[in-house]
Amino acid sequence: MTIARHFRTRTEARLKIATWITDFYNRRRRHSVCDWRSPIDYERSEAHVLEARAA
């Protein structure tokens, strides 16, 4: 489903797109490169692995 949105300015549209990318795409969307986890979950799990190796 596509939702048409109208923005008053180009800046408003860019801000909305940037917010969507940071809030949804990078935090919740699953990526095949990250073993089908969200990038934030993947980074957290990798950080735990590195911490465990360092200990």
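Look up: the structure comes first, before these words.
Remember, predicted model here, so these are calculated numbers, not experimental data.

The rules behind each value
- Residues numbered from 1 in each chain as written.
- Predicted model: local features only at pLDDT ≥ 70, side-chain atom pairs only at ≥ 80, totals over all residues.
- Heavy atoms only, no water.
- Helix = DSSP H or I, 4+ residues; strand = E, 2+ residues; numbered from the N terminus.
- Buried < 20%, exposed > 50% of the residue type's maximum accessible area, 1.4 Å probe, protein only.
- Polar contact = N/O pair within 3.5 Å; in protein donor to acceptor, adjacent residues only side chain to side chain.
- Contact = heavy atoms within 4.5 Å.

Observations regarding the environment of Arg8
Here Arg8 lies in the segment before α1 (10-25). Classification of Arg8 as exposed rests on a relative accessible area of 77%.

Some thoughts on the side chain of Ser38
Along the chain, Ser38 turns up in the loop between α1 and α2 (39-54). Overall, the relative accessible area of 2% leaves Ser38 in the buried class. A polar side-chain atom of Ser38 sits 3.1 Å from a polar atom in the side chain of Asp41. In this view, Ser38 contacts Arg27, Arg28, Arg29 and Arg30; residues no more than four positions away in its chain are not counted.

Without other data, these values stay purely geometric and don't point to any function.
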